[in-house]
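# Descriptive analysis of the structure
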Amino acid sequence: MIGGMSVDIDLLICPVCNKDLKMFDGYIQCLNCNNLYSIKDGIPLMFVPTGWNNSKYDVTEIVNQFYENTPYPNYEEMEGINDLVKKSEMGYYAKFLNEQIPFNVNVLEVGCGTGQLANYLGLATRNVVGTDMCFNSLHLAEAFRYKNKIYNTKFYQMNLFNPIFPENSFHLVICQGVLHHTSDPYLGFQSISKLVK
């Protein structure tokens, strides 16, 4: 276990029934429908399949298999926070976000991959949550977060069509390069846009 992650249970809802959850040792349980969600290597595994019938071709498993085998971006040649800051500030996007997002706000990155942006934004006094469906990517994100003591960032496995957060939870929701990898980008946009205050 990577360890050390404190799950903010008050921030979460059940992705199946949208009701309250309770934290136990090593798992989370819904108080309404009794669904169980395990915690592996400090990451709550709260991904629930879309459950679409044959009305939509679901590409979720195809995309997930690709990123499980090829987590992106990787942390090669990135030892610590200084490397993360240097890499993040070489590009315009992350640097611009860091300059524009105020301190002491709640930020959600949907489809965070290996969590480099979430970890970078979490270096400042912001509450940053990164979600993705790919466990291998999240494992890299959490390992870097834990190793470098980035306490303002947390990672959760989630299906963006079945959010694990109540509506109006975040000051900012970031989702870059994700929706076009889904079976229904517009529905995905509608789903995550409800999470913005």
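Everything here concerns the structure above.
Just so we're clear, the structure is a prediction, and the values are computed from it rather than from any experiment.

On to the packing of aromatic side chains, then. Inspection of every chain in the model, using the stated rule, returns six aromatic pairs. Between the aromatic rings of Tyr75 and Phe144, the centroid separation amounts to 4.7 Å while the plane-to-plane angle is 20°, which identifies the pairing as stacked. Here Phe144 lies in helix α5 (residues 135–147) and Tyr75 lies in the loop between α1 (60–69) and α2 (81–90), a separation of 69 residues in the sequence. Aromatic pair Tyr156 and Phe165: ring centres 6.0 Å apart, planes at 90°, arrangement edge-to-face. Residue classification places Tyr156 among the buried residues on the basis of a relative accessible area of 0%. Residue class for Phe165 comes out buried when judged on its relative accessible area of 2%. Members of the aromatic cluster, each reached through a chain of ring pairs, are Tyr156, Phe165 and Phe170.

Attention now moves to the pairing of strand β2 (residues 27–30). Side-chain positions along a regular strand alternate between the two faces of the sheet. Relative to β2, strand β1 (residues 21–24) runs antiparallel, the two sharing four bridges. Along β2, the bridge assignment pairs Phe24 with Tyr27. In this structure, the hairpin formed by β1 and β2 is closed by a connection of two residues, where Gly26 is found at a positive phi of approximately 90°. Across three bridges, β2 lies against strand β3 (residues 36–40) in antiparallel orientation. By the bridge assignment, Tyr27 is partnered in β3 with Ser38. Connecting β2 to the next strand, β3, in antiparallel fashion are five residues, including Asn34 with a positive phi near 65°.

This paragraph deals with the sheet that holds strand β5 (residues 106–110). Reading across the sheet, the four strands line up as β7-β6-β5-β8 and stay open at both edges, with parallel pairing between neighbours. Pairing within the sheet leaves two strands with one partner each, and these edge strands are β7 (153–157) and β8 (172–174). Put simply, the sheet's adjacent strands are angled 20° from each other on average, direction ignored. With three bridges connecting them, β5 and β8 associate as parallel partners. Residue pairing across strands places Leu108 opposite Val173, the latter belonging to β8.

Glancing now at unusual backbone geometry. With phi around 65°, Asn18 is a residue other than glycine that occupies positive phi space. For Asn18, the position within the fold is in the segment before β1. Of the residues examined, Asn18 reaches a relative accessible area of 48% and is grouped as partly exposed.

Rules used in this analysis
- Residues numbered from 1 in each chain as written.
- Predicted model: local features only at pLDDT ≥ 70, side-chain atom pairs only at ≥ 80, totals over all residues.
- Heavy atoms only, no water.
- Phe/Tyr/Trp six-rings, centres within 6.5 Å; stacked < 30°, edge-to-face > 60°.
- Helix = DSSP H or I, 4+ residues; strand = E, 2+ residues; numbered from the N terminus.
- Buried < 20%, exposed > 50% of the residue type's maximum accessible area, 1.4 Å probe, protein only.
- Pairing = 2+ DSSP bridges.
- Axes fitted to C-alpha atoms, helices over the stretch in contact; angles between N-to-C directions.

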